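# Examination of the molecular architecture
Okay, here's what each chain looks like letter by letter:
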Amino acid sequence: VKRDGRRRSPSVCPAPTSISTATRERLEGDLFEMDVAAETVFAASIGLYTLLDDLGFKPDAMLGHSTGENTALTASGVRRYDRRDEIADTVRDLNRIYRELDREGRIVEGSLLTIGALKADVRAQLLSRHSAPDSAVKVAMDNCPNQLVLFGSRFDIAELKEQLSADGAICAELPFGRAYHTSLFHPVADAYRAYYQTLEFGPGRSLLYSARSVGPF
């Protein structure tokens, strides 16, 4: 797919040979850029759903998380469209909105830390401490009973990683540092909300649940 003058295929499916180490590293880095990452996950998810649909699989309900919520909106039919080109246009528009906010300096950058193998009491303390509005480190994702993703400045995250690793937690910094799913990402959320208000929605082919409200749309 070519969007905004740049092909995605070299990043998603790089040549196994004939490219330099520097080029390969650059292409791998592209995978974690907002536009390439979101488009790749969306396209792969829609492709898998289309295959299941062709095989006669009819889900009773759908639910998506993060980029997957946009996929679920589309696959369920709640997002209305007449031509598949309209979906590609939406992906392009969302990327354009993000780039504009980035140019304006409204995208907060830092570091995302995944923390696994947490002791129950440590996990409870982290949730309590970093859910506070004035906390410099924010809870980005509360994924499961023993794993969290936190966002903060590179300095704060490095310090927290050292402390938690010493306590036995399994920590890893993600290769991108956008403040996903935190209050710091509100400029993107507000802009996307305004954009989605221009689209058409209605009853879908399947019941669609919101990952935000944990209730039906």
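See the structure above.
Everything in this summary refers to the structure shown in the same document.

## Digging into the packing of aromatic side chains
As enumerated under the stated definition, the model contains four aromatic pairs in all. Geometrically, the ring pair formed by Tyr180 and Phe185 is edge-to-face, given 5.2 Å between the ring centres and 75 degrees between the ring planes. A relative accessible area of 16% means that Tyr180 is categorised as buried. On the numbers, 6.1 Å between centres and 75 degrees between planes, the contact of Tyr195 with Tyr196 is edge-to-face. By the ring-pair criterion, three or more aromatic residues cluster together here, those being Phe176, Tyr180 and Phe185.

## Quick notes on the pairing of strand 5 (residues 138-144)
Bridging between strand 5 and strand 6 (residues 147-152) involves five bridges; their strand directions are antiparallel. Looking at the pairing, Cys144 lines up with Gln147 of strand 6. What sits between strand 5 and strand 6 in their antiparallel hairpin is a turn of two residues.

## Notes on helix 8 (residues 186-196)
The complete set of buried residues in helix 8 reads Pro187, Val188, Tyr192, Tyr195 and Tyr196. Buried residues in helix 8, looked at end-on, bunch into an arc of 160 degrees, giving them a common side.

## Description of the nonpolar core
Across soluble globular proteins, nonpolar side chains have a tendency to be buried as a group. Core analysis: the largest hydrophobic core is formed by 29 residues, its most contacted members being Met62, Tyr98, Leu112, Val188, Tyr192, Tyr196 and Leu208. Within the residue set of this core, elements represented by two or more residues are helix 3 (34-54), helix 4 (67-75), helix 5 (84-103), strand 5, strand 6 and helix 8. With six residues, the top contributor of residues to this core is helix 5. Leaving out residues up to four positions away in the same chain, Leu112 has contacts with Ala140, Val149, Leu150, Phe151, Ala172, Glu173, Leu174, Phe176, Gly177, Arg178 and Tyr180.

## With respect to a nonpolar patch on the surface
Judged by side-chain polarity, Leu51, Leu52, Leu55 and Phe57 come together as a nonpolar surface patch covering roughly 410 Å² of accessible area. Residue placement: Leu51 occurs in helix 3.

## Topic: the sheet that holds strand 7 (residues 170-173)
Taken together, the four strands give an open sheet; going across it, the order is 5-6-4-7, and neighbouring strands pair in antiparallel fashion. The sheet is open, and its two borders are formed by strand 5 and strand 7, each paired with just one other strand. Neighbour-to-neighbour, the strand axes of this sheet turn through a mean angle of 20 degrees, independent of strand direction. Two strands pair when backbone bridges link them, and strand 4 (residues 111-116) and strand 7 are joined in this way by four bridges, in the antiparallel orientation. Counterpart to Ile115 in the pairing with strand 7 is Cys171.

## Side note on the side chain of His130
Tracing the sequence through the fold places His130 in helix 6 (residues 120-130). Only 3.1 Å separates the side chain of His130 from the side chain of Ser135, close enough to count as a polar contact. When residues no more than four places from it in sequence are discounted, the contact partners of His130 are Ser135, Val137, Lys138, Val139, Leu150 and Leu160.

What counts and what doesn't
Residues numbered from 1 in each chain as written. Predicted model: local features only at pLDDT ≥ 70, side-chain atom pairs only at ≥ 80, totals over all residues. Heavy atoms only, no water. Phe/Tyr/Trp six-rings, centres within 6.5 Å; stacked < 30°, edge-to-face > 60°. Buried < 20%, exposed > 50% of the residue type's maximum accessible area, 1.4 Å probe, protein only. Pairing = 2+ DSSP bridges. Helix = DSSP H or I, 4+ residues; strand = E, 2+ residues; numbered from the N terminus. Arc of directions from axis to C-beta. Core = buried A, V, L, I, M, F, W, Y, C linked by side-chain atoms within 4.5 Å. Contact = heavy atoms within 4.5 Å. Patch = residues over 30% accessible without salt bridge, like charges linked within 9 Å, V, L, I, M, F, W, Y side chains within 5 Å. Areas by Shrake-Rupley, 256 points an atom, 1.4 Å probe, with all protein chains shown as cover. Salt bridge = Lys/Arg side-chain N within 4 Å of Asp/Glu carboxyl O. Axes fitted to C-alpha atoms, helices over the stretch in contact; angles between N-to-C directions. Polar contact = N/O pair within 3.5 Å; in protein donor to acceptor, adjacent residues only side chain to side chain.

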